[in-house]
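# Coordinates in review
The chain contents come next:
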Amino acid sequence: MSVRLLDAGDCAVTVEFGDRITGDLVAQVGAFERSLAAALARGELAGVVELVPTFRSLTVLYDPLHTRRALLEPALLGLLQQPTPTLAAIARRWRLPVCYEAGFGADLADVAAAAGLSPEAVVQCHSGTDFNVYMLGFMPGFAFMGDLPSALAVPRRKEPRLRVPAGSVAITGGLSAIYPWESPGGWRLLGRCPVPLFDAAAAAPALLAPGDRVRFEPVSADRFAELERQLRVGTLASHSFMEAA
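Reference entry: report on the structure contained in this document. Since the model is a prediction, treat every value here as computed from it, not as a measurement.

## Remarks on the overall build of the protein
Regarding its fold elements, the protein presents 6 helices and 13 strands. Expected size for 245 residues packed as a compact globule is a radius of gyration near 18 Å; at 20 Å, the protein falls within 12% of this value. Dimensions along the principal axes, computed over C-alpha positions, put the protein at roughly 55 × 40 × 35 Å. Split into buried and exposed, the 245 residues of the protein put 44% on the buried side. Partitioning the intrachain contacts of the protein with sequence separation of at least 6 by distance along the chain shows that 63% fall at a separation of at least 24. Accessible area of the protein: about 12,400 Å², with a carbon and sulfur share of 55%. Separation between the mean location of the 22 positive side-chain charges and that of the 25 negative ones in the protein comes to 2 Å.

## Digging into the pattern of salt bridges
For the structure on display, the rule yields 15 salt bridges. Here Asp-19 makes a salt bridge to Arg-20, at a shortest N to O gap of 2.9 Å. With relative accessibility at 56%, the residue Asp-19 sits in the exposed group. We note a salt bridge from Arg-93 to Glu-243, for which the minimum N-O separation is 3.8 Å. Pair noted here: Arg-93 is in strand β5 (residues 93–98) and Glu-243 is in the segment after α6 (221–233), with a separation of 150 residues, a long-range link. Among the residues examined, Arg-93 registers a relative accessible area of 35% and is labelled partly exposed.

## A short note on the side chain of Thr-172
Its place among the elements puts Thr-172 in strand β9 (residues 168–172). The residues touching Thr-172, leaving out its near neighbours within four places in the chain, are Val-154, Pro-155, Arg-156 and Trp-187.

## Overview of the nonpolar core
Residues Leu-96, Met-145, Ile-178, Val-214 and Phe-216 are the most contacted members of the largest nonpolar core, which totals 30 residues. Looking at this core, the elements that each hand over two or more residues are β5, α4 (108–115), α5 (119–127), β6 (131–136), β7 (143–146), β9, β13 (213–218) and α6. Ignoring any residue separated from it by four or fewer positions in sequence, one finds Ile-178 in contact with Leu-96, Phe-142, Ala-143, Met-145, Gly-167, Ser-168, Val-169, Cys-193, Leu-197 and Phe-216. Residues Leu-5, Val-15, Leu-36 and Val-48 belong to the second largest nonpolar core, which totals 19 residues.

## Here's the deal with the packing of α4 against α5
Where α4 contacts α5, the axes come no closer than 8 Å and their chain directions differ by 90°. With respect to their mutual orientation, α4 and α5 come out roughly perpendicular. The residues of α5 that touch α4, namely those facing Leu-108, Val-111 and Ala-112, are Pro-119, Val-122 and Val-123. Class assignment for the residues of the contact of α4 with α5 results in 6 nonpolar, no polar and no charged.

## Digging into helix α1 (residues 23–41)
For α1, with 19 residues, the first-to-last C-alpha span of 27 Å sits near the 27 Å given by 1.5 Å per residue. Of all the residues in α1, the buried ones are Leu-25, Val-26, Val-29, Gly-30, Ala-31, Phe-32, Ser-35, Leu-36 and Ala-39. Residue Gly-43 follows α1 closely and has a positive phi angle near 85°.

## Some remarks on the side chain of Ser-183
Considering the arrangement of structural elements, one finds Ser-183 in strand β11 (residues 183–185). Taking relative accessible area as the criterion, Ser-183 reaches 9% and is therefore assigned buried. Beyond its immediate chain neighbours, meaning those up to four positions away, Ser-183 contacts Phe-138, Met-139, Leu-162, Arg-163 and Val-164.

Basis of the calculations
- Residues numbered from 1 in each chain as written.
- Predicted model: local features only at pLDDT ≥ 70, side-chain atom pairs only at ≥ 80, totals over all residues.
- Heavy atoms only, no water.
- Helix = DSSP H or I, 4+ residues; strand = E, 2+ residues; numbered from the N terminus.
- Rg over C-alpha atoms; globule rule 2.2 N^0.38 Å.
- Buried < 20%, exposed > 50% of the residue type's maximum accessible area, 1.4 Å probe, protein only.
- Contact = heavy atoms within 4.5 Å.
- Areas by Shrake-Rupley, 256 points an atom, 1.4 Å probe, with all protein chains shown as cover.
- Lys, Arg positive; Asp, Glu negative; His and termini not counted.
- Charge placed at Lys NZ, Arg CZ, Asp CG, Glu CD.
- Salt bridge = Lys/Arg side-chain N within 4 Å of Asp/Glu carboxyl O.
- Core = buried A, V, L, I, M, F, W, Y, C linked by side-chain atoms within 4.5 Å.
- Axes fitted to C-alpha atoms, helices over the stretch in contact; angles between N-to-C directions.
- Parallel < 35°, antiparallel > 145°, perpendicular 65-115°, else oblique.
- Nonpolar A, V, L, I, M, F, W, Y, C, P; charged D, E, K, R; others polar.
- Expected span 1.5 Å × (residues − 1).

This is the structure:
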C-alpha cells in the first residue's frame, strides 16, 4: 500500500491514499478509519480527537498539548498494515423510494436529452444501479454515492439553484446523492425521496454510512405522498427501508 502522510496545520495529519475517486481508494479509507476507531476504543492513540474521512484520504486531528506527529506517525503506519474487514462485509443495503414524475425531477428531461435517452430510460438506468456510499460531506447526512453509469455522467448546472428541495435525488459526473435539507445546489435533479436522511436525536444521526449500498425504487406521486405522511407521523421509520441481510 502506497500512502503519504501530510501535515495539515499544527494539529492534524492527513493520510493520503491516492488522487482520484475510485471504489478501491474509498474502501482503503474506510478500512483505515475502522482500524483507527478500534484503536481509539482500546484507549490507544492518546491525543487524537477526531477522524475526517474523504474519497481518497483521512485526516487525523489531534490535541498538540497531548501528542505530536512524531509520536502518531509510527502508530498510524502500523495500523495501515493491519488487516480489516472489507466494506462489503459490513455494508448495509437500502432500497429507497424515489418519485421521478413531473414536478419532482426538474432536470430529468435535460439529462435525457444530453444522454440521448428517453426520460423513462434515464429512470430505468438510475433506479437499476446499485450505488455505493463513498463518503458523507457538504451537509449533515449528504451521502456521495458512486458508481453512476457513464451514460448519465452529466456535468453540474452552470448556474446552481438557490433552493434545492429536501429529498431531491441528484446526479453529476459519476456520482448520485440525495439532498437531506433544502439548500443551494448545482447537481442535476432527477426525482425526490421522502425518507429523512438525518436525525440529530438518533444514536447514529446520518441514515447512510460509507460502505452502504443503495438501490432506488421508482414510486408514484401518490405513493410518495403516502410514504412522506407515514414517515412524518411516525407510523413508518426510516430504517424500514434497510433490506434484511
